[in-house]
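Inside the fold
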Amino acid sequence: MAQLVKKIGELGLHNRQVTHLIATRAAAASYSTQSEKSSYKCVILGGGSGGCAMAAKMTRKFGKGNVAVVEPHDIHYYQAMFTLVGSGHKSLTQAARPMGKSLPRDAKWIKDSVASVEPDSNTVVTSSGLKLEYDMLIVAVGVQLNFDKISGSLEALESDPRVCSNFSANYVNKTHKAFQAFPKGGTAIFTMPPLPIKCPGAPQKIMYLFDDYLRKNGLREGSRVLYNTNLPVIFGVKKYADALLEVVKQRDITVNFQHNLIGVDHTKGEATFAKVGADPVENVTMNYDLLHISPSMSAPEFLKGSPIANEAGFVDVSKEHLQHTKYDNIFAIGDCSSAPTSKTAAAVAAESGILSGTIEAFLKGQKPSGLQYDGYTSCPLTTKGGKIILAEFDYNGQPLETFPVNQGKERLSMWYLKKDAMPIIYWQMLIKGRWHGPRVFRKLFRFGMGK
Ligand code: FAD
Ligand code: UQ1
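Residues numbered from 1 in each chain as written. Chains lettered and ligands numbered in written order. Predicted model: local features only at pLDDT ≥ 70, side-chain atom pairs only at ≥ 80, totals over all residues. Heavy atoms only, no water.

**Thoughts on a nonpolar patch on the surface**
The cut-off we apply is this: Patch definition: residues above 30% relative accessible area lacking any salt bridge, with like charges linked at up to 9 Å and the nonpolar side chains Val, Leu, Ile, Met, Phe, Trp and Tyr linked at up to 5 Å. Each accessible area is a Shrake-Rupley result for a 1.4 Å probe, and residues are judged covered by the shown protein chains and nothing else. Should a side-chain nitrogen of Lys or Arg be within 4 Å of a carboxyl oxygen of Asp or Glu, the pair is scored as a salt bridge. Elements are defined by DSSP. Helices are runs of H or I of four residues or more, strands are runs of E of two residues or more, and each kind is numbered from the N terminus.
Taken together, the side chains of Val 440, Phe 441, Leu 444 and Phe 445 make up a nonpolar region of the molecular surface, amounting to roughly 400 Å² of accessible area. Along the polypeptide, Phe 441 turns up in helix α12 (residues 439-445).

**Description of the sheet that holds strand β10 (residues 163-164)**
Selection rule: When DSSP finds at least two bridges between two strands, those strands are taken to pair.
Reading across the sheet, the five strands line up as β10-β17-β11-β12-β13 and stay open at both edges, with parallel pairing between neighbours. What marks the edges here is a single partner per strand, and that holds for β10 and β13 (254-256). Pairing of strand β11 (residues 187-192) with strand β17 (residues 290-292) involves three bridges; the strand directions are parallel. By the bridge assignment, Ala 188 is partnered in β17 with Leu 290.

**What about the site of ligand 2?**
Just so we agree on the cut-off: Throughout this document, a residue counts as near a molecule or strand when at least one of its heavy atoms sits within 4 Å of that molecule or strand. Polarity classes work like this: nonpolar for Ala, Val, Leu, Ile, Met, Phe, Trp, Tyr, Cys and Pro, charged for Asp, Glu, Lys and Arg, and polar for all others, with Gly in that last group. Residue ranges for the domains trace back to a domain assignment, done automatically or taken from a database.
Looking at ligand 2, there are 14 residues lining it, with Tyr 78, Ser 378, Met 422, Leu 430 and Trp 435 nearest. Burial of ligand 2 by the protein amounts to 96% of the accessible area it has alone, namely 440 Å². Of all the secondary-structure elements, those providing two or more residues to the shell around ligand 2 are α10 (345-363), β20 (377-384) and β21 (387-393). Taken together, the residues of the shell around ligand 2 break down into 11 nonpolar, two polar and one charged. Among the domains, domain 1 (2-143 + 299-363) and domain 3 (377-445) are the pair contributing at least three residues each to the shell around ligand 2.

**A short note on the site of ligand 1**
Under the convention used in this document: N or O atoms closer than or at 3.5 Å make up a polar contact, with two conditions inside protein: a donor-capable atom paired with an acceptor-capable one, and, for residues adjacent in sequence, both atoms drawn from side chains.
Taken together, 34 residues sit near ligand 1, with Gly 50, Glu 71, Val 114, Asp 335 and Ala 346 positioned nearest. The contact in question runs from an oxygen atom of ligand 1 to an N or O atom on the side chain of Gln 79, over 3.0 Å. For ligand 1, the accessible surface in isolation is 1,000 Å², of which the surrounding protein chains cover 91%. Mapped onto the shell around ligand 1, the elements with two or more residues apiece are α3 (49-62), α4 (82-86), α8 (202-216) and α10.

**Overview of the sheet that holds strand β15 (residues 270-275)**
Just so we agree on the cut-off: Axis definition: a line fit to C-alpha positions, over the contact stretch in the case of helices; interaxial angles, taken between N-to-C directions, run 0 to 180 degrees.
Reading across the sheet, the three strands line up as β14-β15-β16 and stay open at both edges, with antiparallel pairing between neighbours. The strands lining the two open edges of the sheet, one partner per strand, are β14 (259-265) and β16 (283-287). Between one strand axis and the next, the sheet turns by 30 degrees as a mean value, whatever way the strands run. Summarising the sheet, β15 and β16 pair through five bridges and their orientation is antiparallel. Across the sheet, the residue bridging to Glu 270 is Asn 287, located in β16.

**Let's talk about the domain arrangement of the protein**
Note the cut-off: By the convention used here, residues are in contact when the closest approach between their heavy atoms is within 4.5 Å. As a working definition, buried area equals the accessible area (1.4 Å probe) given up by two parts on being put together, with both sides summed.
Its domain assignment divides the protein into domain 1 (2-143 + 299-363), domain 2 (145-295) and domain 3 (377-445). Centre-to-centre separation of domain 2 and domain 3, based on C-alpha positions: 25 Å. Taken together, the contact between domain 2 and domain 3 spans 16 residues of the former and 20 residues of the latter. Each partner contributes to the roughly 1,400 Å² buried at the junction of domain 2 and domain 3, and carbon and sulfur atoms together form 67% of this total. Of all residues in domain 2, Lys 205, Lys 239 and Tyr 240 give up the largest surface area on contact with domain 3, accounting jointly for 37% of the area buried on that side. At the surface where domain 2 touches domain 3, the tally comes to two salt bridges. A salt bridge links Glu 410 to Arg 251; the nearest nitrogen and oxygen atoms lie 3.1 Å apart. In this assembly, domain 2 and domain 3 are joined by nine residue pairs in polar contact (both at pLDDT 80 or more). Sorting elements by how many residues they give to the side of domain 2 that touches domain 3 places helix α9 (residues 238-250) first, with six residues. Looking at side-chain class alone, the side of domain 2 that touches domain 3 contains nine nonpolar, two polar and five charged residues.

Structural data, given as structure tokens:
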């Protein structure tokens, strides 16, 4: 309970929500002592976007007591809102819900973390030593943040008010404070690590909102805004890359391609970057007055080297149906899967619809034959307060836009879609397993023609 109170302090929750959170936590705790059962029809690993969506679907299918979710955290975060939390347009409280309220009531929440998966004996082992047997397993554990790969970054995030990161619930609240403390004429650096990461647009979305903040507060003149990216391009899809290159030009933002953040010295206010591909090795050190860090990411540690992972550590599933390539009763959804899409909640939504069909086929003893996942993913690029370029594309990097307008243009309508409509869709539909992405609308707007 002491830990919960600390968490509440960190989050700055209101009294009503605190009472509610404690009540939910208590209910969930008694839930997990209710039964000794350790064998389930369906075990789901992770209670994030994909885990909640599939838990809702599987509970509706198999009924109470047949689905277990292993998830160590008390709070579920709607991480896609973190960009607007960092920019000060939303609060962290608005992006948080108690885990017990995010998971379906009829699923059993096992508040523990997964230590290993033993697919040959259909068993999951948790950190506390619990052994769970499953008929089918859905892996939805997301990615881990590797701040430890950037020397000095964690110390800087802990103790330097100029250093922030929208990628972590622990540090996202520092971002807007760092905006407010930024001195006119200073230098702000936004970093982009090697892929894969979740929401690869997020490292630059917050930069545009910062630039907008400076302009609105008369602080932009004489100040420098830098985007230091490990990549050789600003975005992976040409249509949106062209639009974003125009945005950085108009806003006088300096883009340093192939610069990978390797170290931070917060005592000197310095960030060091390795020049990617330089031979001999070449590093460059820059001063900062604000540093927004996007860390590199990988599959969670327990997956790396596990029998269900590929060489990179991601769950090895077919990219069309999300079923394991070797174990028919294992499936993956979201950021931890090997599906080579851009990792987003929008992708999770589309994948959840596909996975339902795959699981139906599996339960009938058949190979999946229905709709195939085309890699649909979406990235709402906040180019300023009130404007968004809504990137939507498939596995081949081909635009797959929902609306019958050019989404490569900055639009106010898409801002409202992200700020006001998406949270409703997320909380009321996606995590309840009732949102499979905007495919039906895309079809509708095109009178059933096209993809
Ligand atoms: P997650 O939602 O991260 O959930 C993984 C869960 O697994 C977590 O609850 C974790 O605690 C749990 N877990 C981890 N390890 C273990 C273990 N060993 N045992 C048990 N449980 C474990 N997406 C969009 O579509 N649009 C956006 O605009 C957007 N913007 C973003 C901006 C930011 C700053 C960030 C950080 C993300 C953004 N995303 C966006 C991406 C989106 O949030 C993720 O792609 C999505 O949450 C992936 O869902 P998931 O279920 O795979 O992983
Ligand atoms: C989406 O489906 C989704 O999942 C809920 C997001 O994550 C929060 C998104 O950011 C976006 C843009 C979509 C796509 C939805 C539409 C209506 C284009």
